[in-house]
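Analysis of the macromolecular model
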Amino acid sequence: MKKESKTKPNNLSIKSNMMDKIVSLAKRRGFVYQSSEIYGGLNGCWDYGPLGVELLRNIKEEWWKAMTYREDIEGIEASILMHPRVWEASGHVENFTDPMVDCKQCKARYRLDALFEEISIKKQKDVLRELFPDKYQGQKKDEFFAQEFSKIIESNPSSVLPVINCPNCGNKGTFTDARKFNLMFKTFIGPVEDTSAVVYLRPETAQGIYVNFLNVQSASRQKLPFGIAQIGKAFRNEINTKNFLFRTREFEQMEMQYFVKPTEDVKWFEYWREERWKWFINLGMLDNKLRWHQHEQDKLAHYAKDAYDIEYEFPFGWGEIEGIHNRTDYDLSRHEQFSGKSLQYYDDQTKEKYIPYIIETSAGASRSFMAFLVDAYAEEEAPTAEGTMEMRTVLKFHPKLAPIKAAIFPLVNRDGMPEIAKKIEQELRPFFPVFYDDNGAVGRRYRRQDEIGTPYCITVDSQTLQDQTVTVRDRDSMLQERLAIDKLKSYLLNKIS
Ligand code: GAP
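Residues numbered from 1 in each chain as written. Predicted model: local features only at pLDDT ≥ 70, side-chain atom pairs only at ≥ 80, totals over all residues. Heavy atoms only, no water.

Topic: the packing of helix H2 (residues 50–68) against helix H12 (residues 265–282)
The line we're drawing: Angular values range over 0 to 180 degrees, each being the angle between N-to-C directions of two axes fitted as lines to C-alpha atoms, with helices fitted over their stretch in contact. Labels follow the DSSP assignment, with helices taken as runs of H or I lasting at least four residues and strands as runs of E lasting at least two, numbered in each case from the N terminus. For a crossing to be left-handed, the near helix must be turned anticlockwise from the far one by less than a right angle; the clockwise case is right-handed. In this analysis, two residues are considered to be in contact whenever any of their non-hydrogen atoms come within 4.5 Å of each other. Note on residue classes: Ala, Val, Leu, Ile, Met, Phe, Trp, Tyr, Cys and Pro are nonpolar, Asp, Glu, Lys and Arg are charged, and everything else, Gly too, is polar.
In the contact formed by H2 and H12, the axes pass within 12 Å of each other and the chain directions differ by 145 degrees. In this structure, the crossing between H2 and H12 has a hand that is right-handed. Contacts between H2 and H12 involve Ile 59, Glu 62, Trp 63, Ala 66 and Met 67 on the former and, on the latter, Trp 272, Arg 276 and Trp 279. Residue composition of the contact of H2 with H12, by class: six nonpolar, no polar and two charged.

Below, the structure is given as structure tokens:
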């Protein structure tokens, strides 16, 4: 379904204001709450309310159908806790780190790149000119300074840290040296809390797939190329959580690992890039809100030969929602090496044994949730029942994603209309989520449904009493059509599936 164009914000303050409005709507209408809110909240953790959980499940359901309702992909659900050697083999123990610094004065903790983002361009220029007067005198362009500053922060942070102020307390020269911080959450298995009992909460679902590669392949008798898909929780002890659901400490991933002949990696990489882009578009995202970001060769993850992110334009800027990676034979080779078990695939056509290459599609369910929520949000003018115009807030979710598919209203609470409306509600409820509302003027009821993205509103009115028809109002066009009550179920099922 193609959505109508939306009112687009055109400057930073409008954009951040829009994000505030979305977060507030999400809480007020039961999409997302801060975790443990009554205790002051737990940073980087969020709870999905009654509407949020429906939206999240619908996103995961669409992904599951797109990825596993095909003959070449199997699904699994691996456990969150895995043998600690898995994370040595994967490289997470060694490489899954962020450099960070602490302010000795106020104890604020920063990831180095996040600290850099907090420093104004004027301050960056002053620092560079103070430290390297010969090199930076006379240079004017902001972008040039920003690039130089970022390079120094990455390559030689100790040169700049003593001369910058802590963005939290304002003190200068109070930062510790940068040190590596591993993002995996640790816990203990069994009753003894010593180093031999340490296990990690998985930071990605992918490893549960790699270690099961041959189990799944032999049970399903799949031949290359084939994939294994999984949806599940992942945990990262992010130093800086920010932007609502964008970077959280507990989140869900939807990952698929596609095992291919090493010589066919490029072909399948391109295939999956195209498929994954189409998935977002087919669920209503606008082309111009998505873009590709290719990782530069020198910034690729330790396992990757090529990597592209699908980025969405959030109100706070472009952000990755999914990564498509050519992981080569890195993962299976490493697990073979660390476990001592062969993970070779026997190709019965060529009679060769080899380790397949892996093309990974790795999407965040929670990040996709946020992207779909932001993408659906619009404020626009709409006519009232009296024909004057007013602003309405509307979530233009694709009907497949909308948490509630239809709302049912009796126009007035008399003349048998509530009884008919209740009967319609009961008939539809076994098939999809519906909502009955008999409270307030019908215009107000429409607005309440618009705000949570219900695509269809059904009203029982005086004509219903004569001819057993109702009005069905479309959320986006706001047009109404009359339909026989006994046609409602098939009409709506057709629209939402
Ligand atoms: N297995 C590969 C992998 O995990 P990644 O780029 O680190 O790659 C993949 O993560 C996706 O998981 C991201 O595109 C994002 O959607 C989601 N994701 C990663 N870290 C996240 C976080 N802290 N909070 C929410 N989503 C996150």
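Focus: the pairing of strand S17 (residues 377–383)
Note the threshold: At least two DSSP bridges between two strands are required for those strands to pair.
Here S17 pairs with strand S18 (residues 389–395) via seven bridges, running antiparallel. Directly across from Ala 382, in S18, lies its bridge partner Glu 390. What sits between the antiparallel neighbours S17 and S18 is a turn of five residues, in which Gly 387 has the positive phi angle 90 degrees.

A look at helix H18 (residues 488–496)
Because each turn of an α-helix spans 3.6 residues, side chains separated by three or four positions end up pointing in the same direction. Spelled out, the test is: Think of it in three bands: residues with accessible area under 20% of the maximum for their type are buried, residues over 50% are exposed, and the middle band is partly exposed, with areas taken using a 1.4 Å probe on protein chains only. Arc, as used here, means the arc of the directions from the helix axis to the C-beta atoms.
Leu 488, Tyr 491, Leu 492 and Ile 496 are the residues of H18 that are buried. The buried residues of H18 occupy one face: seen down the axis, they fall within an arc of 115 degrees. Residues of H18 that are buried sit in contact with strand S19 (406–410), helix H15 (417–428), strand S21 (456–460), strand S22 (469–474) and strand S23 (480–484).

Digging into the site of the ligand
To keep it simple, the criterion reads: If a single non-hydrogen atom of a residue is within 4 Å of a molecule or strand, that residue counts as near it. Two N or O atoms form a polar contact when they lie within 3.5 Å of each other; inside protein one atom must be a possible hydrogen donor and the other a possible acceptor, and for residues adjacent in sequence the pair counts only when both atoms belong to side chains. Per-residue and other accessible areas follow the Shrake-Rupley method at a 1.4 Å probe size, with only the shown protein chains counted as cover for residues.
Near the ligand you find 21 residues, and of these Glu 204, Glu 238, Glu 255, Glu 320 and Glu 360 are the closest. Glu 320 places a side-chain nitrogen or oxygen 2.5 Å from an oxygen atom of the ligand. Calculation on the ligand without its partners gives an accessible area of 550 Å², and the protein chains cover 92% of this total. Broken down by secondary-structure element, the contributors of at least two residues to the shell around the ligand are strand S10 (250–260), strand S13 (317–328) and strand S16 (357–364).

A short note on the packing of aromatic side chains
Test applied: Any two of the Phe, Tyr and Trp rings considered here, Trp counted by its six-membered ring, make a pair once their centres fall within 6.5 Å; the pair's planes then place it as stacked at under 30 degrees, edge-to-face at over 60, or tilted in between. Counted as over-ring charges are cases with an Arg CZ or a Lys NZ within 6 Å of the ring centre that also lie within 35 degrees of the ring normal.
Within this structure, the stated rule accounts for 29 aromatic pairs. In this structure an aromatic cluster arises from ring pairing among Phe 132, Tyr 136, Phe 144 and Phe 145. One cation-aromatic arrangement involves Arg 273 over Trp 292; the distance from NZ or CZ to the ring centre is 4.6 Å. Lying over the aromatic face of Phe 246, Arg 367 brings its terminal NZ or CZ to 3.8 Å of the ring centre.

Description of unusual backbone geometry
Of the consecutive residues Leu 224 and Pro 225, the connecting peptide bond is found in the cis state with omega at -5 degrees. Locating Pro 225 in the fold gives a position in the loop between helix H11 (213–220) and strand S9 (226–235). With a phi close to 70 degrees, Lys 107 is a non-glycine residue in the positive phi region. Locating Lys 107 in the fold gives a position in the loop between strand S4 (97–102) and strand S5 (109–111). Owing to a relative accessible area of 62%, Lys 107 belongs among the exposed residues under this scheme. The phi torsion at Phe 244 lies on the positive side, around 60 degrees, for a residue other than glycine. By secondary structure assignment, the location of Phe 244 is in the loop between S9 and S10. Given a relative accessible area of 9%, Phe 244 falls into the buried group.

Notes on the sheet that holds S19
The sheet built from five strands is open, its strands ordered S20-S19-S21-S22-S23 with mixed pairing. Every other strand in the sheet has two partners, leaving strand S20 (434–436) and S23 as the edge strands with one partner each. Sheet twist, expressed as the mean angle between neighbouring strand axes with direction ignored, is 25 degrees. The pairing of S21 with S22 spans four bridges and is antiparallel. Following the sheet pairing, Ile 458 is matched in S22 by Val 472. Running over the sheet, H15 touches S19, S20, S21 and S22 and is turned about 160 degrees from S19. Contacts from H18 reach S19, S21, S22 and S23, with the element oriented near 165 degrees to S21.

Topic: the sheet that holds strand S12 (residues 306–314)
Within the open sheet, the seven strands sit side by side as S3-S9-S10-S16-S13-S12-S11. Their pairing is mixed. On the outer flanks of this sheet lie strand S3 (73–75) and strand S11 (290–294), each paired with one strand and no other. This sheet shows a mean twist of 25 degrees between the axes of neighbouring strands, independent of strand direction. When S3 meets S9, the two strands line up parallel, connected through three bridges. In the sheet register, Glu 74 faces S9, and the bridge partner there is Ile 228.

Concerning the nonpolar core
For the record, the criterion: Buried residues of nine kinds, namely Ala, Val, Leu, Ile, Met, Phe, Trp, Tyr and Cys, make up a nonpolar core once their side-chain atoms join them within 4.5 Å.
Counting 56 residues, the largest nonpolar core has Phe 31 and Phe 369 as its most contacted members. Broken down by element, the residue count for this core peaks at eight residues, all from helix H14 (residues 365–376). Residues Leu 112, Phe 116, Cys 166 and Phe 175 belong to the second largest nonpolar core, which totals 21 residues.

Some details on the packing of helix H6 (residues 121–131) against helix H8 (residues 142–155)
A pair of packed helices is captured by two measures, namely the crossing angle of their axes and the spacing between those axes. Here is the rule we go by: Should an angle lie under 35 degrees it is considered roughly parallel, over 145 roughly antiparallel, and from 65 to 115 roughly perpendicular; all remaining angles are considered oblique.
Orientation of H6 relative to H8, taken along the N-to-C sense of each, is 65 degrees, at an axis distance of 9 Å. Judged by the angle between their axes, H6 and H8 are roughly perpendicular. Regarding H6 and H8, the two cross each other, and that crossing is left-handed. Here Ile 121, Gln 124, Lys 125, Val 127, Leu 128 and Arg 129 of H6 lie close against H8, whose contacting residues are Asp 142, Phe 145, Ala 146, Glu 148, Phe 149 and Ile 152.

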